[in-house]
Amino acid sequence: MAKAKAKAKPKTKAKSSARKVSARRAQRRSVPRARAARKARPKQSFVVSHHREEDFDAGLRRYAKYRDLGINKATEGLVRAHVIRFVPPCRPEEVSKRHLHDVDFQMVYVLKGWMKTEFEGQGAMVMQAGSSWIQPPRIEHRVLDYSDDCEVLEIILPADFETVELE
């Protein structure tokens, strides 16, 4: 006995008894639940940083100038973000010291120029404008060389961390 094919009913949109809520309103409703699921974090404030040459200051190393982007203060120490401008000319005897940073997260993005770096287990590589990388916590590394116009954006968690010189 052959089964008769059931006629396919046209699909109709089911009516919902739920009222429509704007995306913005729905987002506001879900925020408290999402926050409750995370660890408590410091309150963050709004911050803007515009490029000004006078904002580049000496910092961790003599061969680099740092422009703080205000993220440390805005996140109460949760995150540090700065632009690093390497001072020419590169002197390998000074910059090529093996070290590590005691951080939870570190990301670097090359804004201008290029730099040659060496990472534990990865070897040496040239990073150029547009290159980015994440350095796992406590990875040993060193800068081998950089162009006269090298600038990078670095984002680090937590904002205050220790740098350990290995040589």
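Structure's up top.
Numbers given to residues run from 1 along each chain, matching the order in which its sequence is written. Where totals are concerned, whole chains, interfaces and linings use all residues; where local detail is concerned, this predicted model gives features only for residues with pLDDT of at least 70, and gives and counts side-chain atom pairs only at 80 or more. As a rule here, side-chain values come from all non-hydrogen atoms in the structure, and water together with hydrogens is ignored.

Participant: Account for the overall build of the protein chain, naming residues and giving values.
Facilitator: Secondary structure elements follow DSSP: runs of H or I no shorter than four residues count as helices, runs of E no shorter than two count as strands, and numbering proceeds from the N terminus. Within the protein chain, the regular secondary structure consists of 3 helices and 11 strands. Within the protein chain, buried positions represent 29% of all 167 residues. What sets the accessible areas is the Shrake-Rupley method with a 1.4 Å probe; for residues, cover comes only from the shown protein chains. Within the structure as shown, the protein chain displays about 12200 Å² of accessible surface, and the carbon and sulfur contribution to it stands at 53%. Burial status follows relative accessibility: with a 1.4 Å probe on protein chains alone, a residue under 20% of its type maximum counts as buried, one over 50% as exposed, and anything between as partly exposed.

Participant: Tell me about the sheet that holds strand 10 (residues 151-157), and name the residues and values.
Facilitator: What the 6 strands build is an open sheet, ordered 1-2-3-10-5-8; its pairing is antiparallel. With partners counted over all chains shown, the strands left at the sheet margins are strand 1 (57-58) and strand 8 (132-134), one partner each. As judged from the 7 bridges shared by strand 5 (residues 105-112) and strand 10, these two strands associate in the antiparallel manner. What sits directly across from Val 110, in strand 10, is Val 152. A pair of strands is labelled paired if DSSP reports no fewer than 2 bridges between them.

Participant: So, the packing of aromatic side chains: which residues are in play, and what are the values?
Facilitator: Whether two aromatic rings pair depends on their centres lying within 6.5 Å, for rings of Phe, Tyr and Trp, where Trp uses its six-membered ring; planes under 30 degrees apart make the pair stacked, over 60 edge-to-face, and the rest tilted. This structure, assessed with the given rule, holds 4 aromatic pairs. Residues Tyr 63 and Phe 86 carry aromatic rings whose centres are separated by 6.3 Å and whose planes lie at 15° to one another, so their mutual orientation is stacked. Here the residue Tyr 63 occupies a position in the loop between strand 1 and strand 2 (64-68), and Phe 86 occupies one in strand 3 (residues 80-86), the gap between them amounting to 23 residues. Taken individually, Tyr 63 and Phe 86 each receive the classification buried, so the pair is uniform in this respect. Relative to Tyr 146, the ring of Tyr 63 lies with its centre 6.4 Å away and its plane at 25°, an arrangement referred to as stacked.

Participant: So what's going on with the nonpolar core? Which residues, and what values?
Facilitator: Side-chain atoms within 4.5 Å link the members of a nonpolar core, which is a set of buried Ala, Val, Leu, Ile, Met, Phe, Trp, Tyr and Cys residues. Among the nonpolar cores identified, the biggest contains 18 residues, and Phe 86, Met 115, Trp 133, Tyr 146 and Val 152 are the most heavily contacted of them. When contributions to this core are tallied by element, the ones reaching two or more residues are strand 2, strand 3, strand 5, strand 6 (114-119) and strand 9 (141-146). By definition in these notes, contact holds between two residues if any of their heavy atoms fall within 4.5 Å. Those residues in contact with Val 152 that sit more than four places away from it in its chain are His 82, Val 83, Ile 84, Phe 86, Val 108, Tyr 109, Val 110, Leu 111 and Met 115.

Participant: Explain the pattern of salt bridges to me, using residue names and the numbers behind them.
Facilitator: Here, a salt bridge means any side-chain nitrogen of Lys or Arg that lies within 4 Å of a carboxyl oxygen of Asp or Glu. For the coordinates displayed, the defined rule picks out 11 salt bridges. Across the pair Arg 98 and Glu 140 runs a salt bridge, and its minimum N-O distance is 2.3 Å. Separated by 42 residues along the polypeptide, Arg 98 in the loop between helix 3 (92-95) and strand 4 (99-102) and Glu 140 in the loop between strand 8 and strand 9 bring together distant segments of the chain. The exposure class assigned to Arg 98 is partly exposed, which follows from its relative accessible area of 30%. Glu 151 is paired through a salt bridge with Lys 112; the nearest N and O atoms lie 3.9 Å apart. Here Lys 112 lies in strand 5 and Glu 151 lies in strand 10, a separation of 39 residues in the sequence.

Participant: Could you give an account of the state of the cysteines, with specific residues and numbers?
Facilitator: A pair of sulfur atoms, both from cysteines and within 2.5 Å, is called a disulfide here. One pass over the structure, following the stated rule, counts 0 disulfides. Take Cys 90: it sits in no disulfide, and the sulfur closest to it among the cysteines is that of Cys 150, at 9.4 Å. The class of Cys 90 is buried, set by a relative accessible area of 15%.

Participant: Any chance you could break down unusual backbone geometry for me, citing the residues and the numbers?
Facilitator: Residue Pro 89 follows Pro 88 across a cis peptide bond; omega there is -5°. Here Leu 157 and Pro 158 are connected by a cis peptide whose omega angle stands at -10°. If you trace the backbone, Pro 158 turns up in the loop between strand 10 and strand 11 (162-165). Despite not being glycine, Arg 138 shows a phi value in the positive range, around 65°. Here Arg 138 is to be found in the loop between strand 8 and strand 9.

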